[in-house]
Amino acid sequence: MKTMTTIATAFFAVSLALPAVAQETPVLQGTKDTRIGKIEFDLGFPSKKAVDKLYDELDFQRASQSYIWGLPIIGFAEWQASTAKSLGAGSLD
């Protein structure tokens, strides 16, 4: 009985997901609008111009994340330098 319930639950979950998957049609030719602009496709693959645009966006995203993740250590280093300057604190204080 437990196996039948598991199978029925799996079929129900798949039936809910199918309409969302069916709405997304693959792009073989033409363009697709994205957040970064139009991406051109040729036989299902991005064109050379689109690949360059995607790599530029990837570089921008990585640079933004590096800046965000680097902020705490820069803040701590500034706090450590100001404490050393104003209070005379050393490395282990």
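Conventions used here
Residues numbered from 1 in each chain as written. Predicted model: local features only at pLDDT ≥ 70, side-chain atom pairs only at ≥ 80, totals over all residues. Heavy atoms only, no water. Helix = DSSP H or I, 4+ residues; strand = E, 2+ residues; numbered from the N terminus. Buried < 20%, exposed > 50% of the residue type's maximum accessible area, 1.4 Å probe, protein only. Contact = heavy atoms within 4.5 Å. Expected span 1.5 Å × (residues − 1). Bend = angle between axes of the 7 residues up to and from the residue. Pairing = 2+ DSSP bridges. Axes fitted to C-alpha atoms, helices over the stretch in contact; angles between N-to-C directions. Patch = residues over 30% accessible without salt bridge, like charges linked within 9 Å, V, L, I, M, F, W, Y side chains within 5 Å. Areas by Shrake-Rupley, 256 points an atom, 1.4 Å probe, with all protein chains shown as cover. Salt bridge = Lys/Arg side-chain N within 4 Å of Asp/Glu carboxyl O.

Asks: Any chance you could explain the overall build of the chain here in plain terms?
Replies: Tallying secondary structure elements over the chain gives two helices and three strands in all. Secondary structure elements of the chain occur, N-terminal to C-terminal, as α-β-β-β-α. For the chain, the proportion of its 93 residues judged to be buried stands at 8%. Put simply, of all contacts in the chain between residues at least 6 apart along the chain, 3% involve residues at least 24 apart.

Asks: For this particular structure, what's the right way to read helix 2 (residues 48-87)?
Replies: Since there are 3.6 residues in each turn of an α-helix, residues three or four apart along the chain are aligned in direction. Taking 1.5 Å of rise per residue, 40 residues should cover 58 Å, and helix 2 covers 58 Å from first to last C-alpha, within 8% of that figure. Where helix 2 bends most, the angle comes to about 35 degrees, and this point is Leu71, followed within four residues by the proline Pro72. On the buried face of helix 2, the contacting elements are strand 2 (37-42) and strand 3 (45-46). Gly88 lies just past helix 2 and shows a positive phi near 75 degrees.

Asks: What's the story with the sheet that holds strand 3 in this structure? I'm lost.
Replies: Either a parallel or an antiparallel arrangement is found when strands of a sheet pair, and the pairing is made through backbone hydrogen bonds. The antiparallel open sheet is built from three strands, whose spatial order is 1-2-3. Looking at the sheet topology across the chains shown, the edges are occupied by strand 1 (29-34) and strand 3. One ladder, built from six bridges, connects strand 1 with strand 2; its direction is antiparallel. Note that in strand 2 the partner of Asp33 across the bridge is Lys38. Strand contacts of helix 2: strand 2 and strand 3, with the helix running at about 135 degrees to strand 2, the strand carrying the most contacts.

Asks: How should a nonpolar patch on the surface be read in this particular structure?
Replies: Together, Tyr67, Ile68, Trp69 and Leu71 make up a nonpolar patch on the protein surface, roughly 520 Å² of accessible area in all. Of note, Leu71 is situated in helix 2. By relative accessible area, Leu71 is classed as partly exposed at 43%.

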